[in-house]
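Residue strings, one per chain:
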Amino acid sequence: MSEYKYILWDYRTGQKEIFPEVLNRQYSYQLNRAGKASFTVPITAERLQRFDIYLGVTRLLIYRENTLIWAGVVWEIQEGASEDGDVTIQCTEIFHILSEKRYTSNSYTSTDAGQIAWGLINTTQGLTGGDLGLTQGAIQTTQNRDRTYFDESIGEKIIQLTEVINGFDFLITPSIKINTLGVFNVYVKRGSTITDFRLEYGEGLKNNIQSWSRKKTVSDIFNSIIVEGEGVGETILTSTATDNALITSVGLLEGRKQEKSISEQATLDQKADEYIRVHKTEQPIYDITLNNAFNDFGKYDVGDIVPIRIKYGYVDINTTMRIYGIDVRVSDAGEESIKLTISPII
């Protein structure tokens with residue numbers, strides 16, 4: 001069992017309140033996305049009467065064994081009562097706020113992708129009332145890009161910069177300073193290769209995997225794609241990419257995507273090629289629930305590459321995969337159930 005501490009914090013004033021009576025605890029991390037957290041407290045809890053919670057402002061800090069492991073903002077509150085009343089508080093990591101922010105217009109020419117991402121954030125923070133308390137951290141150099149934006153979701157555009165050839169990874173590290181939410185960092189590639197343990201399931205193996213499932217779908221596969229860039233009607237920029245060998249062997253599987261912020265033909269062509277590279281073959285997604293006895297919590301993170309061995313029935317896997325998500329559920333007694341979302345490295 002692990003000791004957890006849940007703290008609600010007004011980051012503008014520094015007022016904090018520890019909530020020891022939390023139930024139904026859950027939190028998650030996502031690679032290049034916003035993780036989530038949720039918990040429930042009795043509606044009669046005295047702390048709810050003396051601490052005002054503001055949606056989108058009040059922060060949740062989760063400490064495990066006195067170490068800050070998750071931070072975000074309160075995004076949704078659900079209250080109700082039948083026999084016993086409770087309040088369910090849903091939170092999201094800071095990056096989600098950027099998905100709600102719009103970018104008016106700007107163009108970037110031959111600009112490093114990480115600097116484009118920070119430029120989007122910095123511009124919206126310069127608007128009246130737009131300061132999110134985000135500061136610039138380490139931005140590793142990746143690749144110069146050309147982009148034109150008009151009334152776009154900032155979060156969506158940053159995610160798209162991670163999904164192109166030589167795309168970056170990013171992380172907002174939380175801050176516990178007043179009026180500061182976090183630090184925006186960009187990495188060529190986030191994570192490391194784990195070598196000191198292996199995830200295993202099957203007869204004769206260590207079985208630190210409690211259960212697993214794998215999903216494959218043809219809906220995510222295409223060997224011919226049209227990508228639409230900037231413009232409308234006859235002036236719209238388009239790029240087509242195909243894998244003729246696969247078309248010959250399995251038949252035509254078509255896709256269509258929109259990348260309205262791309263205004264250069266060469267950039268759009270690169271995007272189309274990357275779509276084909278990633279989506280021309282199946283991309284199985286694995287949900288791995290770890291054994292409660294697997295006591296390596298904190299030795300892995302999203303972005304890490306881990307060795308995995310599964311031998312069960314006709315499934316025989318012995319490879320390495322990347323962690324794209326970590327979901328943790330904490331029982332009322334403090335026992336942790338950990339689920340990893342992993343996929344082969346593409």
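As shown above, the structure is provided for reference.
Residues numbered from 1 in each chain as written. Predicted model: local features only at pLDDT ≥ 70, side-chain atom pairs only at ≥ 80, totals over all residues. Heavy atoms only, no water.

### Points about unusual backbone geometry
And step 1. Even without being a glycine, N66 presents a positive backbone phi close to 65°.
And step 2. Mapped onto the secondary structure, N66 falls in the loop between β5 (58-64) and β6 (67-81).
And step 3. With phi around 55°, N207 is a residue other than glycine that occupies positive phi space.
And step 4. Relative to the helices and strands, N207 is located in the loop between β13 (199-202) and β14 (209-215). (Helix = DSSP H or I, 4+ residues; strand = E, 2+ residues; numbered from the N terminus.)

### Section: the pairing of strand β21 (residues 336-344)
And step 1. Relative to β21, strand β18 (residues 285-290) is paired through four bridges, and the arrangement is antiparallel. Looking at the pairing, T289 lines up with K339 of β21.
And step 2. Taking the residues between adjacent antiparallel strands as the criterion, strand β20 (residues 315-330) and β21 are bridged by five residues, where G334 takes a positive phi near 95°. (Pairing = 2+ DSSP bridges.)

### Describing the pairing of strand β7 (residues 85-92)
Across a regular strand the side chains alternate sides, sitting on one face of the sheet and then on the other.
And step 1. As paired strands, strand β4 (residues 36-42) and β7 are joined by seven bridges and run antiparallel to one another. By the bridge assignment for β7, T40 is matched with T88.
And step 2. Pairing between β6 and β7: eight bridges, direction antiparallel. Residue pairing across strands places V73 opposite T92, the latter belonging to β7.
And step 3. The antiparallel hairpin formed by β6 and β7 contains three residues in its connecting segment.

### With respect to the sheet that holds strand β12 (residues 182-187)
And step 1. Strand order in the open sheet formed by three strands is β9-β12-β11, and the pairing between neighbours is mixed. This sheet does not close on itself; its edge strands, each paired only once, are β9 (134-139) and β11 (169-174). Sheet twist, expressed as the mean angle between neighbouring strand axes with direction ignored, is 25°.
And step 2. Looking at chain direction, β9 and β12 are connected through four bridges and run parallel. Residue pairing for β12: I139 is matched across the bridge by V186.
And step 3. Lying on the sheet, helix α3 (residues 113-125) is in contact with β9 and β12; it crosses β9 at an angle near 170°. (Axes fitted to C-alpha atoms, helices over the stretch in contact; angles between N-to-C directions. Contact = heavy atoms within 4.5 Å.)

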